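# Fold and geometry: a report
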Amino acid sequence: LFFFFFSSRRRHTRYISVTGVQTCALPIYILKVTYKNTKYKLKFGLGGGLTGGVAILGGISIATFMITQSDREVFYPLFGFVPSYALGKLMVWQFITANFLHGSLLHLVFNMLGLYIFGGAVEKTFNKKEFIKYFLICGSGGFILTYILWAIGIISNNISIGASAAIYGLLLAFSLLYPNKKILLLFVIPMQAKWLAIIFGGLEFMLSFRNDGISHIGHLGGILAGLGYFVHVRGLNIFEGGENVKT
């Protein structure tokens, strides 16, 4: 998924110029175009920047990927999430460690891109410690829902890995914290950020039990865990939307 953030502004001026600059604080590029007496200012970029928490989580994920490729048959059952192992064999660390394992380079790249796009903006509203805590809550939430559905016999006892549940939790957080932020989905479709969680949450719900090798249940669990965090920790009233969230 690619998201393109943008905003525009114009004011009267007396000169003609075209400039492009990059801001220092965020990876947002500003294009200024002045024609006759009207100045147009466009801002665009990918996400909220490489913040401390994003760097830590991304660094751990990349390092873990490099280490575990040496022997997947050992590392994946031990540190990935296996429902029958997590509590049955008291391997409870799997609820956390599985977030940092990835099945392929492409899997890692897309999750790290999601972390970069949504994580920086969310961390700036939280703080580094709370951001990492929220990331792990959402990631663990995805595996908890997976475990529950396995325990009642709905899904199989398969290994689940990846930060996707946590990324979906960040998507929810971004939607709630910046509901009116304008984005271009896939660089083409304009929408307000508040629709992201609704659209992708609904999509994951519809695909929940599809056998396509993707843990849609985990994604949905990440969104639900994030929603629970915002309700209990940040006072979200789900009937009023994201406007009443404590920042």
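Basis of the calculations
Residues numbered from 1 in each chain as written. Predicted model: local features only at pLDDT ≥ 70, side-chain atom pairs only at ≥ 80, totals over all residues. Heavy atoms only, no water. Phe/Tyr/Trp six-rings, centres within 6.5 Å; stacked < 30°, edge-to-face > 60°. Helix = DSSP H or I, 4+ residues; strand = E, 2+ residues; numbered from the N terminus. Buried < 20%, exposed > 50% of the residue type's maximum accessible area, 1.4 Å probe, protein only. Polar contact = N/O pair within 3.5 Å; in protein donor to acceptor, adjacent residues only side chain to side chain. Contact = heavy atoms within 4.5 Å. Expected span 1.5 Å × (residues − 1). Patch = residues over 30% accessible without salt bridge, like charges linked within 9 Å, V, L, I, M, F, W, Y side chains within 5 Å. Areas by Shrake-Rupley, 256 points an atom, 1.4 Å probe, with all protein chains shown as cover. Salt bridge = Lys/Arg side-chain N within 4 Å of Asp/Glu carboxyl O. Axes fitted to C-alpha atoms, helices over the stretch in contact; angles between N-to-C directions. Parallel < 35°, antiparallel > 145°, perpendicular 65-115°, else oblique. Left-handed = near helix turned anticlockwise from the far one by under 90°. Nonpolar A, V, L, I, M, F, W, Y, C, P; charged D, E, K, R; others polar. Lys, Arg positive; Asp, Glu negative; His and termini not counted. Core = buried A, V, L, I, M, F, W, Y, C linked by side-chain atoms within 4.5 Å. pLDDT = per-residue confidence, 0-100.

## A look at the packing of aromatic side chains
Two aromatic rings, taken as a pair, are described by how far apart their centres are and by the angle between their planes. On inspection of all chains with the given rule, the structure shows 13 aromatic pairs. Residues Phe81 and Phe95 carry aromatic rings whose centres are separated by 5.0 Å and whose planes lie at 55° to one another, so their mutual orientation is tilted. Here Phe95 lies in helix 4 (residues 94-97) and Phe81 lies in the loop between helix 2 (72-79) and helix 3 (83-86), a separation of 14 residues in the sequence. The exposure class assigned to Phe81 is buried, which follows from its relative accessible area of 0%. Classification of Phe95 as buried rests on a relative accessible area of 13%. Each ring, one from Phe126 and one from Tyr134, has its centre 5.6 Å from the other, and the planes form 85°; the classification is edge-to-face. Take Phe126 and Tyr134: they sit in the same class, and that class is buried.

## What about the side chain of Thr64?
In this structure, Thr64 sits in helix 1 (residues 52-68). Assessed through its relative accessible area of 18%, Thr64 is described here as buried. At 2.7 Å, the side chain of Thr64 forms a polar contact with the backbone oxygen of Ile60. Not counting chain neighbours up to four residues away, the residues in contact with Thr64 comprise Phe100 and Leu101.

## Concerning the environment of Gly49
Tracing the sequence through the fold places Gly49 in the loop between strand 4 (38-45) and helix 1. In the structure, Gly49 is positioned 71 residues away from Gly120 in sequence and 5.0 Å away in space, judged by C-alpha atoms.

## Thoughts on helix 7 (residues 164-177)
Its 14 residues give helix 7 an end-to-end C-alpha distance of 20 Å, which sits within 8% of 20 Å, the value for a rise of 1.5 Å per residue. Of all the 14 residues making up helix 7, 14 are buried; the element is thus mostly covered by neighbouring parts of the structure.

## What to know about a nonpolar patch on the surface
Where nonpolar side chains cluster on the molecular surface, the patch consists of Ile144, Ile148, Ile152 and Ile154 and spans about 370 Å² of accessible area. In this structure, Ile148 sits in helix 6 (residues 128-151). Ile148 sits in the partly exposed class, given a relative accessible area of 43%.

## Some words on the packing of helix 7 against helix 9 (residues 216-232)
Where helix 7 contacts helix 9, the axes come no closer than 7 Å and their chain directions differ by 45°. Relative to helix 9, the element helix 7 is oriented oblique. Classified by chirality, the crossing of helix 9 by helix 7 is right-handed. Contact residues: helix 7 offers Ser164, Ala165, Tyr168, Gly169, Leu172, Ala173, Leu176 and Leu177, while helix 9 offers Gly218, His219, Gly222, Ile223, Gly226, Leu227 and Phe230. The residue inventory of the contact of helix 7 with helix 9, partitioned by class, reads nine nonpolar, six polar and no charged.

## Let's talk about the side chain of Glu123
Mapping Glu123 onto the fold places it in helix 5 (residues 105-125). An unpaired buried charge is present at Glu123: no salt bridge exists, and Lys128, the closest side chain of opposite charge, is 6.4 Å distant. Within the structure, the side chain of Glu123 is placed 2.4 Å from the side chain of Thr51, a separation counted as a polar contact. Ignoring sequence-local partners within four residues, the contact set of Glu123 consists of Thr51, Gly52, Gly53, Val54, Lys128 and Phe131.

## Some words on the nonpolar core
Burial of nonpolar side chains together is a common tendency in soluble globular proteins. One finds Leu115, Phe131, Tyr134, Phe135, Leu170, Leu196 and Phe230 to be the most contacted residues of the largest nonpolar core, which totals 38 residues. Of all the secondary structure elements, the ones that give two or more residues to this core are helix 1, helix 5, helix 6, helix 7, helix 8 (194-206) and helix 9. Among the elements that take part in this core, helix 7 stands out by supplying ten residues, more than any other. Not counting the four nearest positions on each side in its chain, Tyr134 is found in contact with Phe126, Gly169, Leu170, Leu172, Ala173, Gly226, Tyr229 and Phe230.

## Quick notes on the confidence of the model for the protein
Taken residue by residue, the protein gives an average pLDDT of 79. The fraction at 70 or more is 71%. Across the protein, element-level confidence peaks in helix 4 with a mean pLDDT of 97 and bottoms out in strand 2 (residues 18-22) with 33. With pLDDT under 50 throughout, residues 1-31 is counted as low confidence; its partners more than four residues away or in other chains account for 105 contacts.

## What to know about the environment of Leu105
Among the secondary structure elements, Leu105 is positioned in helix 5. Judged by relative accessible area, which is 53%, Leu105 ranks as exposed. Considered as a pair, Leu105 and Ile62 are 43 residues apart in the sequence and their alpha carbons are 9.5 Å apart.

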